[in-house]
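The lines below spell out each chain.
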Amino acid sequence: MRKTTWQFGNAIVAWQKIHGRHDLPWQNTQDPYAVWLSEIMLQQTQVVTVRDYFARFMQHFPTVKDLAKASQEEVMGLWSGLGYYSRARNLHRAAQDVMALHGGVFPRDALTLQTLPGIGRSTAAAVASLCFGEPIAILDANVKRVLTRYFGFGQDLAVAKNEKLLWEKGQTLLPTQHVAQAMPHYTQGMMDLGATLCTPKNPQCLQCPVKENCKAVKEGKPENYPVKTKKLKRTSEQLWLLYAQTKNDDVWLVQRPQSGIWAGLYCLPVFESYESLQAFIKTKSKLDLQDMPVVKHMLTHKDLYLHPVALRLKAQKSLGHGRWFDRPSIPNIGLPAPIRKLLG
Ligand code: SF4
């Protein structure tokens, strides 16, 4: 068992040095700020999308101090379009905590890193191992796929105790030689293996450095892992959006509450029915309002059907909570993706 453990970690490190990815903008650095930022962005977003956002973020906020000093509006504006906005809010709070509680220096160990907002066990392990060589296993989606296949691990990972077990098994595979130098290559190698060879469909097992001990390969069907979690039933919701504009094209936007859908972002006023939208602008006359084409927007477990309703006003007048934005300012504010698309 000990021999297998050593071979796995060693094989991944050697493979990563030659065949792993080396050209991603957040690689070739041990700056925990850059690594942390990329890890948060990559949590629910593809590498190809993250590249641009990462570059823009690093340009605007080159250090954790710059990010901590920024306003929430600036941060949300730069994040706009990436989705899962709680990531941006936590990123901002975590930067402020690094400044206030850690003297502007990132903690070096995974346990302390996990005390920062938005940094879970796997992200903390990624930063600690990539930047500081801590011998600790990560378990992101790519690594879950590699490990469940390698071990032939057939339990449902949505169950917390199963995930914990896989994590423990992952911890037994870490390299045991020159650990501090090996760990950045190992962690990166596990991510790279999952992204390039051990892919969800058609894994390239022949090129894999651990194929000889991979249980899923012996069983003949790697795609059987990880086992599918029982699907949550999709639901749908209808929402009406008041798209109020002046003749200068200024748009009325409100900031969403800090929890719930599109939390903290600016948005057209949202209503649960057409009648409540009418009541809001205190008119029963359909002449003032114009229905626009319905927009379907898919969330993780829900389909949203958005019904924009246009209202033209001659000049700016207050519509209650919220404010007018002129067109040039709109690209710089944090908006939900479907609203940004709608505003053109
Ligand atoms: S041998 Fe195939 S299934 Fe097993 S870890 Fe490698 S790529 Fe994944």
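Residues numbered from 1 in each chain as written. Predicted model: local features only at pLDDT ≥ 70, side-chain atom pairs only at ≥ 80, totals over all residues. Heavy atoms only, no water.

> Tell me about the site of the ligand, residues and numbers included.
What surrounds the ligand is the set Arg 149, Cys 198, Cys 205, Cys 208, Val 210, Lys 211, Cys 214, Val 217 and Pro 222. Looking at the shell around the ligand, its residues break down into 7 nonpolar, no polar and 2 charged. (Near = heavy atom within 4 Å. Nonpolar A, V, L, I, M, F, W, Y, C, P; charged D, E, K, R; others polar.)

> Would you mind going over the confidence of the model for the protein chain in detail, with residue names and values included?
Where the model shows low pLDDT, its predicted coordinates should not be examined in detail. With 97% of its residues at a pLDDT of 70 or more, the protein chain has an overall mean of 91. Every residue in residues 1–6 is under pLDDT 50, and counting partners more than four places away or in other chains gives 8 contacts. (pLDDT = per-residue confidence, 0-100. Contact = heavy atoms within 4.5 Å.)

> Before we move on, could you go through the side chain of Ser 80 and cite the residues and values that matter?
By the element assignment, Ser 80 lies in the loop between helix 5 (72–79) and helix 6 (86–102). Residue classification places Ser 80 among the buried residues on the basis of a relative accessible area of 5%. A polar atom in the side chain of Ser 80 sits 3.1 Å from the backbone oxygen of Leu 335. Other than its neighbours up to four places away in sequence, Ser 80 contacts Tyr 53, Tyr 85, Ile 333, Gly 334, Leu 335 and Arg 340. (Helix = DSSP H or I, 4+ residues; strand = E, 2+ residues; numbered from the N terminus. Buried < 20%, exposed > 50% of the residue type's maximum accessible area, 1.4 Å probe, protein only. Polar contact = N/O pair within 3.5 Å; in protein donor to acceptor, adjacent residues only side chain to side chain.)

> Any chance you could break down the pairing of strand 2 (residues 251–255) for me, citing the residues and the numbers?
Along strand 2, 4 of the 5 residues are buried, which leaves the element largely enclosed by surrounding structure. Of the strand pairs in this sheet, strand 2 and strand 8 (residues 323–325) are connected by 3 bridges, and their pairing is antiparallel. Bridge pairing in strand 8 links Leu 253 to Arg 323. As defined by bridge partners, strand 2 adjoins strand 3 (residues 266–267) across 2 bridges and the pair is classed as antiparallel. When the sheet's bridge partners are listed, Gln 255 is paired in strand 3 with Tyr 266. (Pairing = 2+ DSSP bridges.)

> Which residues make up the domain arrangement of the protein chain, and what values do they have?
Per the domain assignment, the segments making up the protein chain are domain 1 (2–224) and domain 2 (235–343). Carbon and sulfur atoms make up 43% of the surface buried where domain 1 meets domain 2, a total of about 800 Å² over both sides. Summed over the three residues of domain 1 that lose the most area to domain 2, namely Glu 73, Tyr 85 and Arg 89, the buried surface amounts to 48% of that side. Inspection of the domain 1/domain 2 interface yields 0 salt bridges. Split by residue class, the side of domain 1 that touches domain 2 holds 3 nonpolar, 4 polar and 2 charged. (Domains from an automatic or database assignment. Buried area = accessible area lost by both parts, 1.4 Å probe. Salt bridge = Lys/Arg side-chain N within 4 Å of Asp/Glu carboxyl O.)

> Before we move on, could you go through the packing of helix 3 (residues 47–60) against helix 5 and cite the residues and values that matter?
Closest axis-to-axis distance for the helix 3/helix 5 pair is 10 Å, and the angle between their directions is 155°. For the element pair helix 3 / helix 5, the angle class is roughly antiparallel. For the pair helix 3 and helix 5, the sense of crossing is right-handed. Two secondary-structure elements touch here, helix 3 through Tyr 53, Arg 56, Phe 57 and His 60 and helix 5 through Val 75, Leu 78 and Trp 79. (Axes fitted to C-alpha atoms, helices over the stretch in contact; angles between N-to-C directions. Parallel < 35°, antiparallel > 145°, perpendicular 65-115°, else oblique. Left-handed = near helix turned anticlockwise from the far one by under 90°.)

> Give a detailed account of the packing of aromatic side chains, specifying residues and quantitative values.
If you walk through the whole model with that rule in mind, you get 11 aromatic pairs. Considering the side-chain rings of Trp 36 and Phe 106, the 5.3 Å spacing of their centres and the 55° angle between planes classify their relative orientation as tilted. Highlighted residues: Trp 36 in helix 2 (residues 32–42) and Phe 106 in the loop between helix 6 and helix 7 (110–113), separated in sequence by 70 residues. Here the aromatic cluster, defined as three or more aromatic residues joined through ring pairs, consists of Phe 8, Tyr 150, Phe 151 and Tyr 186. Directly above the ring of Trp 167 sits Arg 121, whose terminal nitrogen or CZ lies 3.9 Å from the centroid. Across the ring face of Phe 151, the terminal group of Lys 169 is positioned such that the distance to the ring centre comes to 4.5 Å. (Phe/Tyr/Trp six-rings, centres within 6.5 Å; stacked < 30°, edge-to-face > 60°. Lys NZ or Arg CZ within 6 Å of the ring centre and 35° of its normal.)

> Account for the side chain of Gln 16, with residues named and values stated.
Structurally, the position occupied by Gln 16 is in helix 1 (residues 2–19). Classification of Gln 16 as buried rests on a relative accessible area of 2%. At 3.3 Å, the side chain of Gln 16 and the side chain of Asp 192 are in polar contact. Excluding residues that lie within four positions of it along the chain, Gln 16 makes contacts with Arg 21, His 22, His 185, Gln 188, Gly 189 and Asp 192.

> How would you explain the environment of Leu 311 if you had to name every residue and give the values?
The residue Leu 311 is located in strand 7 (residues 302–313) in this model. By relative accessible area, which is 8% here, Leu 311 ends up buried. Placed 59 residues apart in sequence, Leu 311 and Trp 252 show a C-alpha to C-alpha distance of 10 Å. Residues within four places of Leu 311 in sequence aside, it is in contact with Leu 242, Tyr 243, Ala 244, Gln 245, Ile 281, Asp 288 and Leu 289.

> Which residues make up the pattern of salt bridges, and what values go with them?
Throughout the structure, instances matching the rule amount to 6 salt bridges. Glu 168 serves as the salt-bridge partner of Lys 164, at 3.8 Å between the closest nitrogen and oxygen. Taken as a pair, Lys 164 and Glu 168 lie in helix 10 (residues 160–171) at a separation of 4 residues, close to a single helical turn. With its nearest N and O atoms 2.7 Å apart, the salt bridge here joins Arg 234 to Asp 303. Of the two residues, Arg 234 sits in the loop between helix 12 (215–219) and strand 1 (235–246) while Asp 303 sits in strand 7, which places them 69 residues apart along the sequence.

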